[in-house]
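Examining the three-dimensional arrangement
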Amino acid sequence: MKTSILAVLAALLASSTVAAEASGGNVPVYKAEPYLTAKNTNFGNLIEGAAVDKDGNFYAVHYNSAKTATGKAYTEQSVFFDDKADASTWFNAIRFNINSQGAQEAYLGDAANKRVIRVQSLENKCGSMHAETFCQNASILQPNDLAIAPSTGRLFLSGMKYTADSVIGDGDLWTCDSKGTAKKLGDFYRTNGIEVSPDEKTLYLSEAANKGSVVVSNVIYAFDLDPKEGTISNKRTFADFAKLDNTAATDIDGMRTDTLGNLYVTRNGLGKVAKLSPSGELLAYIEAASITGVGNLEFAGPEGKDLYIVGACTADATKGCVDKYASEATGNAFNKLKTGGSS
């Protein structure tokens, strides 16, 4: 009986973890499970902007296939905020924060109007929401994705334009302070994924480049970060996927950290997430169950340990799916919200 139980356990482990070939050796591959499928999702194929609030609720954009709408996907699906006042709005990113008064608020990146909207007093006594433009600048490319330093409430914005032959300026990096003042930090090739480390001392930013309409490079830079002043320095290559696993032709999309400082990186087109250590070592892959073009991710759930992965459904490319992976570590964003922005 004892041998039989051990055999069953070994078989279960083998079914969820397999070896993957990568430059430098084998790394484990873990399997995510379907959460919202093509049959029951209310999200459209432009689903992005994965986010978590202080209660562990999970959010994303393109609710009911509307670019103006964001939705909650935990534990049931419902609209969160829909900008019905401006039909040109195109939400592509969401981040939550606890403000200096201790109230929760949300920041929504509007890629079409080069702005970030702040949703305050998430529900007032009338059951509605108060939203306003928090920061905006005509020179911002999008924004595509958002990151935040909770201790200061400072936002960081990535953005890009897609051209056949990338040039510096096809991507940018901006910051908005707690008062909404926008400042440009730099020009790059196409920028996308962006994240702040748990200790707020490092800013991560992805950059991709095209040549002759072919993607030829995908790297992640790390910068020393001053979260109060919003300044960055000491630019260095944190991960180069040409060297890491020979996937330079596959775009990096959303990125998130856990409380241990590991960085989770979506590989849009490979149907998986790469898990990197704080030193840039490839630790594992997490394969999506129902998504090929994985676009974004976030830790949510009651303990902040469920990693939700979003993207267009493989079974129906007109719809947005969500997969879930049970992690051992807690997500950094959830932890900061629970502790009011402290470490």
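Nothing here was measured: the structure is a model prediction, and the numbers come from that model.

1. Focus: the packing of aromatic side chains
Within a pair of aromatic rings, the relevant descriptors are the distance that separates the centres and the angle that separates the planes. Counted according to the given criterion, the structure contains 14 aromatic pairs. A ring pair is formed by Tyr-107 and Phe-134, whose centres lie 5.0 Å apart and whose planes are at 65°; its orientation type is edge-to-face. With Tyr-107 in strand β9 (residues 104–110) and Phe-134 in strand β11 (residues 130–136), this residue pair connects regions lying 27 residues apart in the sequence. The ring of Tyr-221 is capped by Lys-235, whose NZ or CZ atom sits 4.2 Å from the centre of that ring. For the cation-ring pair, Arg-267 lies above Phe-241, with the distance from its terminal atom to the ring centre recorded as 3.9 Å.

2. Notes on the state of the cysteines
Throughout the structure, instances matching the rule amount to 2 disulfides. The side chain of Cys-313 participates in a disulfide bridge whose partner is Cys-321; the two sulfur atoms lie 2.0 Å from each other. In this structure the cystine formed by Cys-313 and Cys-321 twists about its S-S bond by roughly 110°; its chirality is therefore right-handed. For the chain, the bonded cysteines connect in the pattern 1-2, 3-4 when numbered consecutively along the sequence.

3. Remarks on the side chain of Asp-323
When you line up the elements, Asp-323 lands in strand β26 (residues 320–326). Lys-324 is the oppositely charged side chain nearest to the buried, salt-bridge-free Asp-323, at an N-O distance of 11 Å. Of note is the side chain of Asp-323, whose polar atom sits 2.6 Å from the backbone nitrogen of Ala-289. When residues no more than four places from it in sequence are discounted, the contact partners of Asp-323 are Ala-32, Glu-33, Pro-34, Tyr-35, Ala-288, Ala-289, Ser-290, Ile-291, Leu-307, Tyr-308 and Ile-309.

4. Structural notes on the sheet that holds strand β10 (residues 115–120)
Taken in spatial order, the 4 strands make up an open sheet running β8-β9-β10-β11, and their pairing is antiparallel. The sheet is open, and its two edges are formed by β8 (91–98) and β11, each paired on a single side. Each strand of the sheet is rotated relative to its neighbour by a mean of 25°, with strand direction disregarded. Of the strand pairs in this sheet, β9 and β10 are connected by 5 bridges, and their pairing is antiparallel. Looking across to β10, one finds that Tyr-107 is bridged to Arg-118.

Quick notes on the rules
- Residues numbered from 1 in each chain as written.
- Predicted model: local features only at pLDDT ≥ 70, side-chain atom pairs only at ≥ 80, totals over all residues.
- Heavy atoms only, no water.
- Phe/Tyr/Trp six-rings, centres within 6.5 Å; stacked < 30°, edge-to-face > 60°.
- Helix = DSSP H or I, 4+ residues; strand = E, 2+ residues; numbered from the N terminus.
- Lys NZ or Arg CZ within 6 Å of the ring centre and 35° of its normal.
- Disulfide = S-S within 2.5 Å.
- Buried < 20%, exposed > 50% of the residue type's maximum accessible area, 1.4 Å probe, protein only.
- Lys, Arg positive; Asp, Glu negative; His and termini not counted.
- Salt bridge = Lys/Arg side-chain N within 4 Å of Asp/Glu carboxyl O.
- Polar contact = N/O pair within 3.5 Å; in protein donor to acceptor, adjacent residues only side chain to side chain.
- Contact = heavy atoms within 4.5 Å.
- Pairing = 2+ DSSP bridges.
- Axes fitted to C-alpha atoms, helices over the stretch in contact; angles between N-to-C directions.

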